[in-house]
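The chain contents come next:
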Amino acid sequence: MLGIGPRAERRRRTLPVGLLRLPTVGIDIGGTKVVAGVVDGEGKVLEKLRTETPHKSKSPKVVEDIIVELVLQLADRHDVHAVGIGAAGWVDAERSRVLFSPHLNWRNEPLQEALSARLRFPVVVENDANAAAWAEWRFGAGRGEDHMVMLTLGTGIGGAVVRDGYVDRGKYGLAGEFGHMQVVPGGHRCPCGNRGCWEQYSSGNALVREARSLVAEESPVVEPLLARAGGTPDGLTGPLVTEAARAGDPVAVELLYDIGTWLGVGIANLAAALDPGRFVIGGGVSEAGDLLIVPAQDAFRRTLSGRGFRPEAQIVHAALGNDAGLVGAADLARQVARRFRTIKRHRVERAALG
């Protein structure tokens, strides 16, 4: 039997199996909350903490303080090796700065530098949709697919591409902003400043807007749904409409059908551009399940270019739910932890050799 040479043996010592299972912290920063969790190498959340996000008028340091406090609490009870931040906003290609966040007062914010200076762990910053996509590819509905696109449907539409084991972040780190593709020229105004963006027709905001428009038109068909909302349009939220649809409310079912149809149209456009093998649908609106996914699949098949003469991508529901962002951020940070440990070990070995 052939022996193992010294170079191969050094490589094996440098990357022991245990490093693959290092516990790391993932942080999911949204518009209303900060969630932190310790995640093991199999994607299991060992402990999770949650607190509210301060109003966007607060200074960035307020959010940093919350992140530091949550990480230190978890580090007191777990052998943490790195921290991954999943931020809702544009993150630069170096994964260090939040260029813009619509929910927080972050503009070209050096978040990695600020947190690394306050914590003793390596820190990586990632777009929240990229983090969620990575988690689904590693541990969830994207496993086994080498070219996957994830869409997160919440107040808007986020997205990410995982190709051949890498998150495709684009040249400047801004890839995946699929929600701002224009699908209706001159359509509904979007907060991004343009009109007719996809997320204005297939998102939580679109769902609520259409429900409230029925109330504004004094349509009698919406009365049972309005009663669920306490009789006021402000009570009509995305989760409430989804819950009503699951309970069989016909208007709520129709509203979700429309959202799903627009979802399928947009997915067909993405298929024409990217040709992935699988689309994974996550985010709060996806909790509607087949009430959303089935009309999306139908519209996708009707709209797909070259239909009938090409393979069709799968459209599936995400598997990890609300934990996807923090699980993905933690797992991406684990890669940094492995490199950090390897570099540190090499320095110790060189020092020992004198």
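Presented here is a report on the structure given in the accompanying data block. (Residues numbered from 1 in each chain as written. Predicted model: local features only at pLDDT ≥ 70, side-chain atom pairs only at ≥ 80, totals over all residues. Heavy atoms only, no water.)

**Here we look at the environment of A36**
Here is step 1: Within the secondary structure layout, A36 lies in strand β2 (residues 33-39).
Here is step 2: A residue is classified by how much of its surface remains accessible, and A36, at 0% relative accessible area, is buried.
Here is step 3: Along the sequence, A36 and L326 sit 290 residues apart, while their C-alpha atoms lie 6.8 Å from each other.
Here is step 4: In contact with A36, not counting residues within four places along its chain, are G26, I27, E47, K48, L49, L70 and L74. (Helix = DSSP H or I, 4+ residues; strand = E, 2+ residues; numbered from the N terminus. Buried < 20%, exposed > 50% of the residue type's maximum accessible area, 1.4 Å probe, protein only. Contact = heavy atoms within 4.5 Å.)

**Here's the deal with the nonpolar core**
Here is step 1: Ranked by size, the top nonpolar core spans 41 residues in total, and within it L151, L225, L263, I267, F279 and I281 carry the most contacts.
Here is step 2: Counting residues per element, the ones that place at least two in this core are β9 (147-153), β10 (157-163), α5 (204-216), α6 (223-228), α7 (238-246), α8 (250-274), β12 (278-282) and α9 (290-303).
Here is step 3: The dominant element in this core, judged by the number of residues it contributes, is α8, at 10 residues.
Here is step 4: Setting aside chain neighbours within four positions, we find F279 in contact with V149, I267, L270, A271, A313, Q314, I315 and V316.
Here is step 5: Ranked by size, the runner-up nonpolar core spans 29 residues in total, among them V38, V63, V68 and V71. (Core = buried A, V, L, I, M, F, W, Y, C linked by side-chain atoms within 4.5 Å.)

**Examining the sheet that holds strand β13 (residues 314-317)**
Here is step 1: Pairing in this open sheet of five strands is mixed, and the strands run β11-β10-β9-β12-β13 from one edge to the other. Strand pairing shows two members of the sheet lacking a second neighbour, β11 (166-167) and β13, which therefore form its edges.
Here is step 2: Judged from the seven bridges that link them, β9 and β10 form a sheet pairing that is antiparallel. Considered in β10, the bridge of M148 is made with V162.
Here is step 3: Of the strands in this sheet, β9, β10, β11 and β12 touch helix α4 (residues 128-139), which is tilted by about 50° from β10.
Here is step 4: Set on the sheet, α8 makes contact with β9, β10, β12 and β13; between it and β9 the angle comes to about 150°. (Pairing = 2+ DSSP bridges. Axes fitted to C-alpha atoms, helices over the stretch in contact; angles between N-to-C directions.)

**Focus: the pairing of β12**
Here is step 1: Counting buried positions along β12 yields five of five residues, so the element is predominantly enclosed.
Here is step 2: A two-sided burial pattern is seen for β12, the buried positions comprising R278, V280 and G282 on one face and F279 and I281 on the other.
Here is step 3: Here five bridges tie β9 to β12, and the two strands are oriented parallel to one another. By the bridge assignment, T152 is partnered in β12 with G282.
Here is step 4: Across four bridges, β12 lies against β13 in parallel orientation. Following the sheet pairing, V280 is matched in β13 by V316.
Here is step 5: A crossover connection joins β12 to the parallel β13 through α9; in handedness this β-α-β unit is right-handed. (Right-handed = clockwise from strand over helix to strand, strands pointing away.)

**Here we look at α8**
Here is step 1: Helix length check: α8 (25 residues) gives 35 Å between terminal C-alpha atoms against 36 Å at 1.5 Å per residue, within 8%.
Here is step 2: Sitting at the amino-terminal end of α8 is D249, which places a side-chain oxygen 3.1 Å from the backbone nitrogen of V251.
Here is step 3: Looking one or two residues past α8, D275 carries a phi angle of roughly 55°, positive in sign. (Expected span 1.5 Å × (residues − 1). Polar contact = N/O pair within 3.5 Å; in protein donor to acceptor, adjacent residues only side chain to side chain.)

**Focus: the sheet that holds strand β3 (residues 45-52)**
Within a sheet, each strand pairs with its neighbour through backbone hydrogen bonds, oriented either parallel or antiparallel.
Here is step 1: Judged by pairing direction, the sheet is mixed, and its five strands sit side by side in the order β3-β2-β1-β4-β8 without closing on themselves. The open sheet has two edge strands, β3 and β8 (123-127), and neither has a second partner. Sheet twist, expressed as the mean angle between neighbouring strand axes with direction ignored, is 15°.
Here is step 2: Direction of pairing for strand β4 (residues 83-87) relative to β8: parallel, over a ladder of five bridges. Bridging across to β8, V83 finds its partner in V123.
Here is step 3: Contacting β4 and β8, helix α3 (residues 111-118) crosses the sheet at an angle of about 150° to β8.
Here is step 4: Along the sheet, α4 contacts β1 (24-29), β4 and β8; its crossing angle with β8, the most-contacted strand, is approximately 95°.

**Brief notes about the side chain of R169**
Here is step 1: By the secondary structure assignment, R169 is in the loop between β11 and α5.
Here is step 2: In terms of polar contacts, R169 uses its side chain to reach the side chain of E126, at 2.6 Å.
Here is step 3: Contacts of R169, omitting those with residues within four sequence positions, involve R95, E126, N130, L174, A175 and L332.

**Concerning a nonpolar patch on the surface**
Here is step 1: Taken together, the side chains of W90, F100, Y172 and L174 present a nonpolar region at the surface, about 400 Å² in accessible area.
Here is step 2: Looking at the element boundaries, F100 is found in strand β6 (residues 98-100).
Here is step 3: Residue class for F100 comes out partly exposed when judged on its relative accessible area of 32%. (Patch = residues over 30% accessible without salt bridge, like charges linked within 9 Å, V, L, I, M, F, W, Y side chains within 5 Å. Areas by Shrake-Rupley, 256 points an atom, 1.4 Å probe, with all protein chains shown as cover. Salt bridge = Lys/Arg side-chain N within 4 Å of Asp/Glu carboxyl O.)

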